[in-house]
Amino acid sequence: MKLAEVLATKGTGVACIAADAPVSAAIAELAARNIGALVALDAAGAVAGILSERDIVRALAAGRPLDRLAVADLMTPGVICGRLDDDLEPALAAMTDGHFRHLPVVDGSTLVGLVTTADLAQALLRSLAGRLVTLELRLEAESDESGVGR
């Protein structure tokens, strides 16, 4: 299963904010949407980083003046991005190994979606359930053909 298939089910809407926007605007957006992260975009519209609730909490704990900071001051830069044709399992493994929950998905340099570890785990479970049903049907058909179990 590819990331494109996950996005086809989930949708391609992504909550974004400009990297030069004030952190207060990001906090308001996170609260209004009831989400945990925003993709930060540079002036050209490319992914510049991700700002998560954790980034904000760390800044608060360090006593940083949030009212004077831009998203770029707190965001995690150099974010790993997935591609539409990436396989689900390696993407989920990279997220788990890298301890991050949000993976922007790009087509070239254009942001086309965002998947979370929960999105990928659910898709993987659906895929495995489908495979199991297929195997059960195949075994049942083979059993019927061979007369075993009659």
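These lines cover the structure that appears in this document, whether it is placed above or below. Nothing here was measured: the structure is a model prediction, and the numbers come from that model.

**Notes on the nonpolar core**
Formed by 17 residues in total, the largest nonpolar core has its most connected members in Leu-51, Leu-66, Val-71 and Leu-74. Listing elements by their share of this core, those giving two or more residues are helix H2 (23-33), strand S2 (37-41), helix H3 (53-61) and helix H4 (71-74). Here this core takes three residues from H2, the largest share from any one element. Ignoring anything within four residues of it in the chain, the contact list for Leu-66 reads Val-23, Ile-27, Ile-56, Ala-59, Leu-60 and Leu-74.

**Some words on the layout of surface pockets**
In this structure, the largest pocket occupies an estimated 330 Å³ of space. What lines the largest pocket is a set of 15 residues, and nearest its centre among them are Ile-50, Thr-76, His-99, Phe-100 and Arg-101. Take the lining of the largest pocket: its biggest share by element is three residues, from H3. Here the lining of the largest pocket is built from residues that sort into five nonpolar, six polar and four charged. In this structure, the second largest pocket encloses a volume near 160 Å³. Residues that form the lining of the second largest pocket fall into these classes: five nonpolar, four polar and two charged.

**Digging into the side chain of His-102**
Structurally, the position occupied by His-102 is in strand S6 (residues 102-107). Of the residues examined, His-102 reaches a relative accessible area of 19% and is grouped as buried. The contacts of His-102, once residues within four sequence positions are left out, are Ala-37, Ile-50, Met-95, Leu-114, Val-115 and Thr-116.

**Things to note about the pairing of S6**
Summarising burial for S6: five of the six residues are buried, a large majority. Looking at chain direction, S6 and strand S7 (residues 110-116) are connected through six bridges and run antiparallel. Along S7, the bridge assignment pairs Pro-104 with Leu-114. In textbook terms, the turn of a hairpin is the stretch between consecutive antiparallel strands, and for S6 and S7 this stretch comprises two residues, one of which, Gly-108, has a positive phi near 70°.

**Topic: the sheet that holds strand S3 (residues 47-52)**
Across the sheet, which stays open at both edges, the four strands sit in the order S1-S2-S3-S4 with mixed pairing between neighbours. Unpaired on one side and paired on the other, strand S1 (16-18) and strand S4 (76-77) mark the two borders of the sheet. Sheet analysis places S3 next to S4, joined by two bridges and oriented antiparallel. Its bridge partner lying in S4, Ile-50 is registered against Thr-76. Those strands touched by H2 are S1, S2 and S3, and its axis lies near 135° from that of S2. Its contacts with the sheet place H3 against S3 and S4, and it is angled at close to 65° to S3.

What counts and how
Each chain carries its own residue numbering, running from 1 in the written order of its sequence. Totals for whole chains, interfaces and linings use every residue, but because this is a predicted model, local features are given only for residues with pLDDT of at least 70 and side-chain atom pairs only at 80 or more, for both listing and counting. For the side-chain quantities, the full set of heavy atoms in the structure was used; hydrogens and water were omitted. Residues grouped as a nonpolar core are buried Ala, Val, Leu, Ile, Met, Phe, Trp, Tyr and Cys residues, joined through side-chain atoms within 4.5 Å. For each residue, the accessible area found with a 1.4 Å probe, counting protein chains only, is set against the maximum for its type, and the residue is called buried under 20%, exposed over 50%, and partly exposed in between. Helix and strand definitions follow DSSP, with helices as H or I runs of at least four residues and strands as E runs of at least two, each counted in order from the N terminus. Contact between two residues is taken to exist if any of their heavy atoms lie within 4.5 Å; hydrogens are not considered. Computed over the protein atoms alone on a 1 Å grid, cavities are sets of points where a 1.4 Å probe fits but cannot get out and pockets are open sets with protein on both sides within 12 Å along at least five of seven lines; a residue lines them when it has an atom within 4 Å of a point. Grid points are joined across faces, edges and corners, and a volume is the space filled by probe spheres set on the points. Polar here means any residue other than Ala, Val, Leu, Ile, Met, Phe, Trp, Tyr, Cys and Pro, which are nonpolar, and Asp, Glu, Lys and Arg, which are charged; Gly is therefore polar. In this analysis, strands are considered paired if DSSP registers two or more bridges between them. Note on method: axes are straight lines fitted to C-alpha atoms, helices fitted across the in-contact stretch only, with angles between N-to-C directions ranging 0 to 180 degrees.

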